[in-house]
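Structure assessment
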Amino acid sequence: MRQRTQVAIIGAGPAGLLLSQLLSKAGIDCTLLERKDRAYVEGRIRAGVLEQGTVDLLREAGVAARLDAEGLPHDGFRLALDGESFRVDMRHLTGGKSVTVYGQTEVTKDLIEAHVARGAALVFEAEEVALHEIDGKAPYVTYEKDGQAHRLDCDFIAGCDGYHGIARRSIPAEVLKSFERVYPFGWLGILADVPPCDHELIYANHERGFALASMRSTTRSRYYVQVAMEEKLEDWPDERLWDELALRLGEHAPHITRGPALEKSIAPLRSFVAEPMRWGQLFLAGDAAHIVPPTGAKGLNLAASDVGLLAEALTAHYRGDDAGIEHYSARALARVWKAERFSWWFTSLTHRFPEMDGFSRRMQMAELAYIRESEAARRVVAENYVGLPLHPSG
Ligand code: RFL
Ligand code: PHB
């Protein structure tokens with residue numbers, strides 16, 4: 001089977017789905033190939049915090065009706081040290097900006113539904129996806145579906161297939177540079193149908209390790225605790241996890257409502273960037289090109305900002321202007337590195353490191369005290385948390 005499209009998109013995570021939606025709005029033909037089935041893609045529990053820029057892009061893509069109705073606007077969040085917290089008033093500190101709490105699962109469902117409604121070319125369970133001739137003028141993608149071999153000819157390929165995908169690995173090793181930090185701990189997350197302990201998120205630095213109180217709605221909570229790499233899910237029955245959260249969240253503990261886990265999982269923490277984000281006719285976007293530790297809530301938002309730039313670039317290309325595709329990698333990386341820096345810094349400030357001595361711990365305590373006392377310091381945190389602009393001025 002041989003077909004043709006303008007843009008072949010690999011991976012139906014938020015990056016691939018949003019790109020396909022934006023391109024089709026601009027009248028550009030694309031085909032989306034996803035390795036897993038629809039239920040698997042819709043079931044993955046991941047991010048929960050959307051920057052204003054991400055919300056704006058979802059609106060532009062025409063998939064924000066449920067987000068606008070059900071998303072929770074958050075004007076601030078709390079930072080805690082050994083159980084005592086203070087507030088970072090994002091809206092006040094950034095001249096009116098805020099974030100929206102709306103699950104990645106919901107973003108994914110809304111995007112898939114929009115694809116199905118417009119009869120888009122979205123192929124689930126596409127196996128053995130391989131990229132060919134990506135540094136020439138006539139690239140193509142091969143894959144198998146239900147045992148049948150397919151070939152998809154295209155102008156461009158968008159590698160939106162996440163950290164473990166094949167797109168990045170299709171770039172020659174001598175071209176690709178990668179930069180990495182692996183953190184010596186993970187996050188154990190629990191999702192439960194209980195009201196959150198506060199109406200805002202709480203990022204807690206505690207002697208026993210980091211904890212985060214988050215939510216998906218006013219009746220569904222999402223909590224995380226920092227755990228050592230070698231910890232196993234079996235070692236964390238629900239009660240132990242709730243007890244640990246109560247210890248680390250200190251003064252907020254009396255407001256925690258316990259309930260059975262709908263989902264529980266351990267995620268490793270990593271910082272990773274691959275350069276460049278373009279090779280020939282292949283463009284990387286989202287986790288395929290970079291990973292951040294989840295502390296700054298930047299992963300999904302970076303996927304969205306890459307895709308915003310890429311959709312702009314490809315749309316301009318089909319109108320005869322190639323500046324956007326020429327500059328895509330440099331523009332995307334400039335924003336990526338700033339989000340990498342914030343996520344790394346916020347992780348370093350709030351987590352307990354195995355090798356940490358008294359001095360390092362007191363540096364964290366002093367920095368948190370400074371942030372609590374200084375509006376200038378809180379503004380720096382808030383400006384990064386709400387998200388840096390897609391096209392910075394200056
Ligand atoms: P995804 O979501 O990994 O999607 C990639 C898709 O590509 C498919 N794929 C392939 N398809 C075809 N052929 C192949 N060979 C393929 N290989 C892979 C995969 O099946 C998949 O469907 O990447 P994308 O689209 O770039 O999106 C990135 C985000 O998912 C990720 O950055 C965020 O979830 C990170 N993240 C958070 N980000 C935020 O912005 N705010 C948060 O609050 C936040 N919290 C989190 C997070 C990630 C977490 N985990 C589990 C890593 C919390 C956690 C716990
Ligand atoms: C989440 O709700 O899953 C979440 C929120 C904020 C983060 C990371 C994860 O920084």
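How each quantity is defined
- Residues numbered from 1 in each chain as written.
- Chains lettered and ligands numbered in written order.
- Predicted model: local features only at pLDDT ≥ 70, side-chain atom pairs only at ≥ 80, totals over all residues.
- Heavy atoms only, no water.
- Helix = DSSP H or I, 4+ residues; strand = E, 2+ residues; numbered from the N terminus.
- Rg over C-alpha atoms; globule rule 2.2 N^0.38 Å.
- Buried < 20%, exposed > 50% of the residue type's maximum accessible area, 1.4 Å probe, protein only.
- Contact = heavy atoms within 4.5 Å.
- Areas by Shrake-Rupley, 256 points an atom, 1.4 Å probe, with all protein chains shown as cover.
- Pairing = 2+ DSSP bridges.
- Salt bridge = Lys/Arg side-chain N within 4 Å of Asp/Glu carboxyl O.
- Near = heavy atom within 4 Å.
- Polar contact = N/O pair within 3.5 Å; in protein donor to acceptor, adjacent residues only side chain to side chain.
- Nonpolar A, V, L, I, M, F, W, Y, C, P; charged D, E, K, R; others polar.
- Axes fitted to C-alpha atoms, helices over the stretch in contact; angles between N-to-C directions.
- Parallel < 35°, antiparallel > 145°, perpendicular 65-115°, else oblique.
- Phe/Tyr/Trp six-rings, centres within 6.5 Å; stacked < 30°, edge-to-face > 60°.
- Lys NZ or Arg CZ within 6 Å of the ring centre and 35° of its normal.

1. Concerning the overall build of the chain
- Counting its secondary structure elements, the chain contains 11 helices and 21 strands.
- At 21 Å, the chain has a C-alpha radius of gyration in line with the 21 Å of a compact globule built from 394 residues.
- C-alpha extents for the chain along the principal axes are approximately 60 × 45 × 40 Å.
- Out of the 394 residues belonging to the chain, those deemed buried represent 54%.
- A separation of at least 24 residues holds for 71% of the contacts in the chain among residues at least 6 apart in sequence.
- Counting every atom, the chain has about 16,900 Å² of accessible surface; 51% of that belongs to carbon and sulfur.

2. Topic: the sheet that holds strand β13 (residues 156-159)
- Ordered in space as β9-β3-β2-β13-β20-β19, the 6 strands form an open sheet in which the pairing is mixed. Two strands close off the open sheet at either side, each with one partner strand: β9 (121-123) and β19 (278-279).
- Pairing of β19 with strand β20 (residues 282-284), which is carried by 2 bridges, proceeds in the antiparallel orientation. Of the residues in β20, the one forming a bridge with Trp279 is Leu282.

3. As for the pattern of salt bridges
- The final tally for this structure, using the stated rule, is 29 salt bridges.
- With a closest N to O distance of 3.0 Å, Arg38 and Glu42 form a salt bridge. On the criterion of helical spacing, the pair formed by Arg38 and Glu42 is a turn pair, its members being 4 residues apart in helix α2 (residues 38-43).
- Note on Arg38: relative accessible area 34%, which makes it partly exposed.
- The salt bridge involving Arg270 is made with Glu180; its shortest N-O contact spans 2.6 Å. With Arg270 in strand β18 (residues 263-275) and Glu180 in strand β14 (residues 177-192), this residue pair connects regions lying 90 residues apart in the sequence.
- Arg270 sits in the partly exposed class, given a relative accessible area of 22%.

4. Quick look at the site of ligand 2
- Close to ligand 2 lie 14 residues; Tyr203, Ser214, Arg216, Tyr224 and Pro294 are nearest.
- In the model, an oxygen atom of ligand 2 is placed 2.8 Å from a nitrogen or oxygen of the Tyr203 side chain.
- At a separation of 3.2 Å, an oxygen atom of ligand 2 approaches a polar backbone atom of Thr295.
- Relative to its unbound accessible area of 280 Å², ligand 2 is 97% covered by the protein chains.
- At the level of elements, β16 (211-215) and β17 (221-228) are the ones that each hand at least two residues to the shell around ligand 2.
- In terms of residue class, the shell around ligand 2 is made up of 8 nonpolar, 3 polar and 3 charged.

5. Description of the packing of helix α1 (residues 14-25) against helix α3 (residues 52-60)
- For the pair α1 and α3, the least separation of the axes is 9 Å and the interaxial angle reads 45°. One finds that α1 runs oblique with respect to α3. Between α1 and α3, the contacting residues are Leu18, Leu22 and Lys25 on the first element and Leu57, Leu58 and Glu60 on the second.
- Looking at the contact of α1 with α3 residue by residue, the classes come out as 4 nonpolar, no polar and 2 charged.

6. Things to note about the pairing of β14
- Pairing between β14 and β18: 12 bridges, direction antiparallel. Bridge pairing links Arg181 to Ser271 in β18.
- When β14 meets β17, the two strands line up antiparallel, connected through 8 bridges. Residue Trp187 lies in a different strand from β17, and its bridge partner there is Gln226.

7. Some words on the packing of aromatic side chains
- Overall, the coordinates contain 19 aromatic pairs when judged by the stated rule.
- Centroid distance Phe77 to Tyr385: 4.4 Å. Interplanar angle 35°. Geometry classified as tilted. With Phe77 in strand β6 (residues 77-81) and Tyr385 in helix α11 (residues 375-386), this residue pair connects regions lying 308 residues apart in the sequence. As far as the burial class goes, Phe77 and Tyr385 line up, both buried.
- Cation over ring: Arg151 sits above Tyr140, and NZ or CZ is 3.6 Å from the ring centre.

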